[in-house]
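Topology and contacts: notes
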Amino acid sequence: MKYFPLLWSGLWCKRTRTLLTLASIVVAFLLFGLLQGVNAAFSHGVEESRLNRLYVQSRVSFTESLPLAQLSQIESVAGVEQVAYAHWFGGYYQDPKNFVFSYPVDADRFFSVYPEIELPPDQLKALINTRTGAVVGADLARTYGWKIGDHVPLKSQIWTHPGGNSDWEFDIVGIFEEPVDRSQEQSFYFNFKYFDEARAFGKGGVGWYVVQLRDADQGPGIAAAIDARFANSPDETKTQNEKEFTQSFLRQFGDINFLVNAIIGAVFFALLFLTGNTMMQSIRERIPDFAILKTLGFSDDAVLTLVLGEALLLCVTASLFGLAAATVTFPVMKSVVGVARLPPQVFLEGLSVAALLALVTGLPPALKVRRLAIIDSLSGR
Amino acid sequence: MLRQILAITLINLASIPRRWGPSLVIVVGIAGVVGVLISVLAMAHGFLDTMAHTGRADRAIVLRGGSNSELASTLSRETTLVIADAPGVAKDADGHAIVSAEVVAIIDLPLRQGGTSANVTLRGVGPQAVALRPELALIAGRWFQPGLREMVVGRSAQQQFSGIELGSRIAFRDADWTVVGVFASDDSHASEVMADSEVVLGAYRRNLYQSVTVLLQSASLFDSFKTFLTSNPRLSVEVSRETDYYARLSARLGKILTYVAYVVGGIMAVGALFGALNTMYSAVSARTVEIATLRAIGFAGTPILVSVFVESLLLALLGALIGAGLAWLFFNGNAVNTLSGNFTQVVFHLQVTPGLAILGILWAAVIGLLGGLFPAMRAVRRPVVDALRGH
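What counts, and where the lines are drawn
Residues numbered from 1 in each chain as written. Chains lettered and ligands numbered in written order. Predicted model: local features only at pLDDT ≥ 70, side-chain atom pairs only at ≥ 80, totals over all residues. Helix = DSSP H or I, 4+ residues; strand = E, 2+ residues; numbered from the N terminus. Rg over C-alpha atoms; globule rule 2.2 N^0.38 Å. Buried ≥ 20, exposed ≤ 12 C-beta atoms within 10 Å, placed from the backbone. Contact = placed C-beta atoms within 7 Å. Arc of directions from axis to C-beta. Axes fitted to C-alpha atoms, helices over the stretch in contact; angles between N-to-C directions. Parallel < 35°, antiparallel > 145°, perpendicular 65-115°, else oblique. Left-handed = near helix turned anticlockwise from the far one by under 90°. Nonpolar A, V, L, I, M, F, W, Y, C, P; charged D, E, K, R; others polar. Domains from an automatic or database assignment.

Here's the deal with the overall build of chain B
Counting its secondary structure elements, chain B contains 12 helices and 12 strands. In summary, chain B has a C-alpha radius of gyration of 30 Å against a globular reference of 21 Å for 391 residues, an excess of more than 25%. Judged by the C-alpha coordinates and their principal axes, chain B covers about 95 × 45 × 35 Å. Of all 391 residues assigned to chain B, the portion counted as buried reaches 52%. The long-range share in chain B, meaning contacts at least 24 apart out of those at least 6 apart in sequence, stands at 84%.

Listed below in structure tokens is the structure:
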């Protein structure tokens, strides 16, 4: 800390150059923050997934229904705690652009399989007791200004009533929160029974079963046991744990991870040249200064540390600005990724990348200064 | 004047090899911007191009009213017959209407890369499907036989998903299906698998179709065809020109990709601009005495200004060429798959077109010019005496 003023004045001895370099690094970390933020938000669902839940879907494709008759058979598999089911509703509010992630579920079991959904018990009870009842995520309720007691019509892209009409009426009886993954607060859950009785086709079919296990370690065995039970039947199943289920879904969009990494790779490759060049030039110009420091009694290692310290100061300061800018602009991405806050781990990743950048670009000039012979450098040889 | 410009510029350029370090900052920085910009735009371009080739203006697709994609739509057999009889529908030599009532189902096939399973479209088509879509060209094997569990696969699907080689058998819906043919086309149907609609309906125990596609006698008959169907009180259908339907499906993703390209490319360009300014400032300041000497012996300010511009522009253009070249080398023609608006996979190829390369070079030129402007002005404005004294 004692040497901070020395580092600081070393950094600012060419103001324009330092400012421009700083600005480039800030921009690079702004981009890093935004892109890694999107990446982290997409993989958040995967990391938060619980291994004690299995998903049973049709082996042909998850858009195919499974018969409700399989429920009791899945329940009887050893190690299964309880089973809930849901379907994909494909609902929208007023305009097809206002897509609503809506699912008919068996309310009495669904919410105990998902303990992370925080729904007050009396509201859950109201849902079970109201045929057309629905509970909505806090975020979704905010978007459309829905309150408990509101009457909400949704249209379904898929499901019609026997007359061909696709209008569905709901009464909002509860609003839930999901602090572990706020992006799930866009969901809309309603009674499967109402859905099944009122739809024109596909009666008695569910989209998928969610199986809660007594012991997560037995997951693979139980998944295999469930699939074996329905093998060679007309409705073969594919059972995956929550992580696999979410992952396979995300990968279908394409390799977002690769795209982000490739762009960040290009940015930092260019940045390496830029920062490295600045450090090299700045040190070269101040070689006599370092020779004087050595004359005053600074050891070889001390000057090496000084140069590295300067690089670190430059990179870390700039990365802090860049990441702060990313934090401020990230809410703009909400419509794409569903979360409005830059995940905190991106900040930490950014800082470690900055430290690495400082080390790589600072080391060559630092080693050069460490090797300086006092006489030669003072005499300008 | 011109001779002065030429002389100084040449001296300037000749000295670049001696300060290649700072010059590389411009080249690499701009190569990065142009490479990323072009690659992401090539993706958007490839996707939109594939979707734009799908469909013709003289074909119409009919869905259930209110559904925006085939997968969400359902049409009864009676409805499909009414549609086939509508006025304006083209007929073949034997007098059969050229229509195909289609069933769309999804089958899970593993991606060749990574092995995760992906939603591939299984399209059950009617007996007139080949006449309806002459752009589908059989390149191996034969078309499926009606009534049999046989399928033909698109070439793009075959390249991207495993398990559907010619002759291979796929087990689903409690029976084996055989791949008997491969077809090629440059549209999104090449990402699909096709079979006889009646067989697909039977296998999935369904009795509802998803869509009807018809060939019209001419593209201008679309409006009367549409009015005929939508004014029928017993039908609730959505009639679109095929081209409009696919444009609608692809609009969102195309927009997102273009947006990503410009936003990310724009941010990177700002970063590269700072880098270019930095390099040119240091290039100018390293030659302070040289420039002052030139001015003292009678060179005007403009040639010096131009020489700095030319240097920064040339370095930027070199960067752009490297960036565009790398994008072309690594990504041109790469097959990529993604979920389309229909919730099923579309395979498309990245297209690094000359237009995109020119766009990248233009961006580079702007960065290069801006990066040279302020340093050049500083070089010229400095009083000669101060500069010569090295203040």
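Let us keep going from here.
Describing the overall build of chain A
Per the secondary structure count, chain A includes 15 helices and 12 strands. Principal-axis analysis of the C-alpha atoms gives chain A an extent of 95 × 45 × 35 Å. For chain A, the residues scored as buried account for 41% of the 381 residues in total. In chain A, of all internal contacts separated by at least 6 residues, the share reaching a separation of at least 24 is 81%.

Considering helix H7 (residues 222-230) of chain B
All names here are of chain B. Within the span of H7, buried status applies to Phe-222, Phe-225 and Leu-229. All buried residues of H7 project into a common sector of 65 degrees when viewed along the axis, lining one side. Turned more than 90 degrees off the buried face of H7, the exposed positions are Asp-223 and Thr-227.

A few points about the packing of helix H2 (residues 20-53) of chain B against helix H11 (residues 354-381) of chain B
Residues and elements named next belong to chain B. Two elements in contact, H2 and H11, have axes separated by 9 Å at closest approach and are oriented at 150 degrees. With respect to H11, the element H2 is oriented roughly antiparallel. Read as a crossing pair, H2 and H11 show a hand that is right-handed. Two secondary-structure elements touch here, H2 through Ile-26, Ile-30, Val-33, Val-34, Leu-37, Ile-38, Leu-41, Ala-42 and His-45 and H11 through Leu-356, Ala-357, Gly-360, Trp-363, Ala-364, Ile-367 and Gly-371. For the contact of H2 with H11, a count of residues per class yields 13 nonpolar, 3 polar and no charged.

Some thoughts on the domain arrangement of chain B
All names here are of chain B. We note that the domain assignment places domain 1 (2-52 + 249-389) and domain 2 (66-235) within chain B. Using C-alpha coordinates to define each centre, domain 1 is positioned 47 Å away from domain 2. Counting residues at the interface gives 13 residues for domain 1 and 16 residues for domain 2. Listing elements by their share of the side of domain 1 that touches domain 2, those giving two or more residues are H2, strand E11 (335-339) and strand E12 (345-349).

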